[in-house]
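A structural walkthrough
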Amino acid sequence: MNRPIVFLDFDGVLNTDRYQAQLAVDRKPGKDAWGPLFDPGAVANLCRIIDSTGAGIVISSSWRYLHSVGSLRMMWAVRGLPGEIVDTLPCGATYISRGEDIECWLDQHDRPGHVIIDDLDDFHPSQHDRYVEINPIVGITESDAQKAIEILKEVVS
């Protein structure tokens with residue numbers, strides 16, 4: 001796989017505390033059939049990453065335990081989200097850490113260039129140069145997006 005990959009978490013990354021609070025204040029629904037709605041600002045910043053790098057998305061979120069990859073792709077289409085979900089991390093019984101799951105996925109897919117976008121650091125020290133830590137209150141910011149783009153462009157160059 002030559003295409004760079006974004007390992008993407010949802011809760012705290014696209015599903016933000018700030019947006020859920022705003023929806024509650026506005027008395028608007030905070031979820032749909034798949035779960036909590038995503039913060040449009042965070043989604044716009046994910047769009048910047050995808051548009052700038054052409055990266056595919058591998059879902060590392062715990063939502064992969066609740067929804068099949070087909071269901072997540074349907075959610076992506078229905079919600080009008082950017083990019084393409086190419087896979088999810090496996091839901092195996094040998095879970096040690098999200099970092100371990102990512103390493104297994106990379107080993108099985110010829111180790112493409114990648115970035116990890118998550119709000120919780122569950123990664124090996126060796127993965128930190130590819131990790132963008134997100135503030136769960138606000139989700140992906142412009143500066144987070146820029147950092148992810150720089151990481152991905154570094155691997156492609």
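My aim in this report is to walk through the structure given alongside it, one point at a time. (Residues numbered from 1 in each chain as written. Predicted model: local features only at pLDDT ≥ 70, side-chain atom pairs only at ≥ 80, totals over all residues. Heavy atoms only, no water.)

**Here's the deal with the pattern of salt bridges**
- Throughout the structure, instances matching the rule amount to eight salt bridges.
- Residues Arg64 and Asp101 are paired through a salt bridge, measuring 3.0 Å at the closest nitrogen-oxygen approach. Of the two residues, Arg64 sits in the loop between strand 2 (56-59) and helix 3 (69-78) while Asp101 sits in helix 4 (residues 98-108), which places them 37 residues apart along the sequence.
- Residue classification places Asp101 among the buried positions, given a relative accessible area of 11%.
- Each of Asp9, Arg98 and Asp118 takes part in a single network of salt bridges with overlapping partners. (Salt bridge = Lys/Arg side-chain N within 4 Å of Asp/Glu carboxyl O. Helix = DSSP H or I, 4+ residues; strand = E, 2+ residues; numbered from the N terminus. Buried < 20%, exposed > 50% of the residue type's maximum accessible area, 1.4 Å probe, protein only.)

**Considering the nonpolar core**
- In this structure, Leu8, Phe10, Leu14, Trp76, Ile117 and Ile140 are the most contacted members of the largest nonpolar core, which totals 31 residues.
- At the level of secondary structure, the elements contributing two or more residues to this core comprise strand 1 (5-8), helix 2 (40-53), strand 2, helix 3, strand 4 (114-118) and helix 5 (142-156).
- Excluding residues that lie within four positions of it along the chain, Phe10 makes contacts with Asn15, Phe38, Ile59, Ser61, Trp63, Leu72, Met75 and Trp76.
- With 10 residues, the next largest nonpolar core counts Phe7, Ile102, Trp105 and Ile116 among its residues. (Core = buried A, V, L, I, M, F, W, Y, C linked by side-chain atoms within 4.5 Å. Contact = heavy atoms within 4.5 Å.)

**Observations regarding the packing of aromatic side chains**
- Under the counting rule described, the total for this entry stands at six aromatic pairs.
- Note on Phe7 and Trp105: the rings are 5.4 Å apart at their centroids and 85 degrees apart in plane angle, and the pair reads as edge-to-face. One end of the pair, Phe7, is in strand 1; the other, Trp105, is in helix 4, with 98 residues separating them in the sequence. Both residues of the pair, Phe7 and Trp105, belong to the buried class. (Phe/Tyr/Trp six-rings, centres within 6.5 Å; stacked < 30°, edge-to-face > 60°.)

**A short note on the sheet that holds strand 2**
- The parallel open sheet is built from five strands, whose spatial order is 3-2-1-4-5. Two strands in the sheet have a free side with no partner beyond their single neighbour: strand 3 (85-88) and strand 5 (131-133). When strand polarity is set aside, the average angle formed by the axes of neighbouring strands in this sheet is 25 degrees.
- Most of the contacts of helix 3 go to strand 3, to which it runs at about 145 degrees, and overall it touches strand 1, strand 2 and strand 3.
- Packing against the sheet, helix 4 makes contact with strand 1, strand 2, strand 3 and strand 4, and its axis sits at approximately 150 degrees to strand 1. (Pairing = 2+ DSSP bridges. Axes fitted to C-alpha atoms, helices over the stretch in contact; angles between N-to-C directions.)

**Section: unusual backbone geometry**
- Despite not being glycine, Arg27 has its phi angle at roughly 55 degrees, a positive value.
- Judged by its relative accessible area of 77%, Arg27 falls in the exposed class.
- Phi is positive for Arg111, close to 50 degrees, though the residue is something other than glycine.
- Relative to the helices and strands, Arg111 resides in the loop between helix 4 and strand 4.
- Arg111 gets classed as partly exposed once you look at its relative accessible area, which sits at 42%.

**Description of the side chain of Arg79**
- Tracing the backbone shows Arg79 in the loop between helix 3 and strand 3.
- At 3.1 Å, the side chain of Arg79 forms a polar contact with the backbone oxygen of Pro36.
- Residue contacts for Arg79: discarding those within four places in its chain leaves Asp32, Trp34, Gly35, Pro36, Leu37, Phe38 and Trp63. (Polar contact = N/O pair within 3.5 Å; in protein donor to acceptor, adjacent residues only side chain to side chain.)

**Examining the pairing of strand 4**
- The element strand 4 is extensively covered by neighbouring structure, given that five of its five residues are classed as buried.
- Note: strand 1 against strand 4, four bridges, orientation parallel. Note that in strand 4 the partner of Leu8 across the bridge is Ile117.
- Here three bridges tie strand 4 to strand 5, and the two strands are oriented parallel to one another. In the sheet register, Ile116 faces strand 5, and the bridge partner there is Tyr131.

Purely geometric stuff here, so don't read any function into it on its own.
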